[in-house]
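# Observations on the model geometry
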Amino acid sequence: MTAAIARRRTVAALSLVFTAALTLAGCGDQTDSDSAAKGKSNDAPLFSALPKKIQDAGVIKVGTDAAYAPMEFTEGGKIVGVDPDIADALGKQLGVKFEFTSGSFDGLITSLDTGRQDVAMSSVNDTKQRQEGKDDKGAKIGKGVDFVDYFSSGVSLLVKKGNPQGVKSLDDLCGRTVAVQRGTLSEETFKAQAVKCGPNKLTIQAFDTDVEAQTRVKAGGAVADLNDFPVAAYIAKTSGGGNDFEVVGSQSDIGLFGIAVSKENTQLRDALKEALDAIIKDGSYAKVLEKWNVEDGAVKQAQLNAGQ
């Protein structure tokens, strides 16, 4: 797949936050950290594979942007979704809790560099640029991270119900206005399409959240938004009881989502890979994907840094 498409949550944005203050703020802690810190589950199959620091804490701290249903979102003050449920299954193998904290997507990689979070799990697309700590122009902006790849997804266009503008592909967007979440690879995809459109200008309206972009499409101010397929499908199914949006065109440019880990924390990375293989083998991984109707995103085995 091309690195220019997928959650499309962008490498370019990382350069803006490399020197910026970390914006992660607590939102809906998923676990009771006091009880987790006791490390009661030290008889779990893979507990001994974890770094001693995490064994002692009983917690893996996870940075996420909980505004990307069904992958991760907040419901009743709790962070829920595909990623938290996969993390729960991993936790049973590792004997620790995964404690999710929500904040700005742009700050997730930085939170690993500073040690504020142990991992980032937020539908983060595994790309060579992120592995190497580079922006989309190849400039070095960070240390880079390793990825434990756990899910695959392509992208799809989300349009107003009934598709009044007859959009079927990116090429149909030339001369029109689109809406997208700022700092995502989807925004970069639209920018690349704008170049392709040339004089038949594609106007891009970027917003802080994808919800704002959806609202713009719903109101008719933009003809399309771009999202990972499971997210687009979930929005189309649930927003307005299924009456607000629809997904158009074919899912394309399949990429990998990875759990991001500091390159300095290879022991944790390898423990997560082993745990992912274990839940794939015992069927608990498949049950999570079935629960959220995203079985098409299943991977057959854990891989490290398999993104392109």
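Let me begin by describing the structure that accompanies this report.

## Structural notes on the sheet that holds strand S4 (residues 78–80)
Sheets are built from strands paired through backbone hydrogen bonds, the pairs being either parallel or antiparallel. Strand order in the open sheet formed by three strands is S2-S3-S4, with antiparallel pairing between adjacent strands. Looking along the sheet, the strands with just one partner apiece sit at the ends: strand S2 (67–68) and S4. In the sheet, S2 pairs with strand S3 (residues 72–75) via two bridges, with the strands oriented antiparallel. Within S3, the residue paired with Tyr68 across the bridge is Glu72.

## Concerning the pattern of salt bridges
What the rule picks out here adds up to 13 salt bridges. The residue Asp146 makes a salt bridge to Lys263 at a minimum N-O spacing of 2.7 Å. Placement of Asp146 in strand S7 (residues 145–160) and of Lys263 in the loop between strand S11 (245–262) and helix H10 (266–282) is noted, with a sequence separation of 117 residues between them. Accessibility expressed as a relative area gives 5% for Asp146, which makes it buried. Using a relative accessible area of 34% as the deciding quantity, one classes Lys263 as partly exposed. Where Lys218 meets Asp244, a salt bridge forms, and the shortest distance between an N and an O atom there is 3.4 Å. Separated by 26 residues along the polypeptide, Lys218 in helix H8 (residues 210–219) and Asp244 in the loop between helix H9 (229–238) and S11 bring together distant segments of the chain. On the basis of relative accessibility, which here comes to 43%, the residue Lys218 falls in the partly exposed class.

## A word on H8
Since the α-helix turns once every 3.6 residues, residues separated by three or four places project in the same direction. Within the sequence span of H8, burial applies to Asp210, Ala213, Gln214 and Val217. The buried residues of H8 occupy one face: seen down the axis, they fall within an arc of 100°. Exposed and oriented more than 90 degrees from the buried face of H8 are Val211 and Ala219. Elements that come into contact with the buried residues of H8 comprise S7, strand S8 (177–181), strand S9 (203–207), strand S10 (225–228), H9 and S11. Downstream of H8 by one or two residues, Gly220 has phi in the positive range, about 90°.

## Let's talk about the environment of Ala219
Take Ala219: it is sitting in helix H8. You can call Ala219 exposed: its relative accessible area is 62%. Separated by 25 residues in the primary sequence, Ala219 and Asp244 place their C-alpha atoms 9.7 Å from one another.

## Thoughts on the side chain of Ser152
Counting through the fold element by element, Ser152 comes out in strand S7. If we ignore the near neighbours within four places in the chain, the residues touching Ser152 are Ile254, Gly255, Leu256, Asp296, Gly297, Ala298 and Val299.

## Details of the nonpolar core
If you look at the biggest cluster of nonpolar residues, it comprises 55 residues, and the most contacted ones within it are Leu50, Ile60, Ile86, Leu94, Phe98, Ile259 and Leu272. Those residues within four positions of Ile259 in sequence are excluded, and the remaining contacts are Leu90, Val119, Ala120, Met121, Asp146, Phe147, Val148, Tyr150 and Leu272. Core analysis: the next-biggest nonpolar cluster, separate from the first, contains 15 residues, Leu157, Val180, Val223 and Val248 among them.

## Digging into the packing of aromatic side chains
Enumeration according to the criterion identifies three aromatic pairs in this entry. Ring centres of Phe73 and Trp292 lie 5.9 Å apart, and the angle between their planes is 85°; this geometry places the pair in the edge-to-face category. Placement of Phe73 in strand S3 and of Trp292 in the loop between helix H11 (284–291) and strand S12 (303–304) is noted, with a sequence separation of 219 residues between them. The exposure class assigned to Phe73 is buried, which follows from its relative accessible area of 9%. Plain terms: the ring middles of Phe151 and Phe257 are 5.6 Å apart, the flat faces sit at 25° to each other, and that makes the pair stacked. Residue Phe151 is located in strand S7, and its partner Phe257 is located in strand S11; the two are separated by 106 residues in the primary sequence. Grouping aromatic residues by their ring pairs yields a cluster made of Phe73, Tyr234 and Trp292.

Reading the values: the criteria
- Residues numbered from 1 in each chain as written.
- Predicted model: local features only at pLDDT ≥ 70, side-chain atom pairs only at ≥ 80, totals over all residues.
- Heavy atoms only, no water.
- Pairing = 2+ DSSP bridges.
- Helix = DSSP H or I, 4+ residues; strand = E, 2+ residues; numbered from the N terminus.
- Salt bridge = Lys/Arg side-chain N within 4 Å of Asp/Glu carboxyl O.
- Buried < 20%, exposed > 50% of the residue type's maximum accessible area, 1.4 Å probe, protein only.
- Arc of directions from axis to C-beta.
- Contact = heavy atoms within 4.5 Å.
- Core = buried A, V, L, I, M, F, W, Y, C linked by side-chain atoms within 4.5 Å.
- Phe/Tyr/Trp six-rings, centres within 6.5 Å; stacked < 30°, edge-to-face > 60°.

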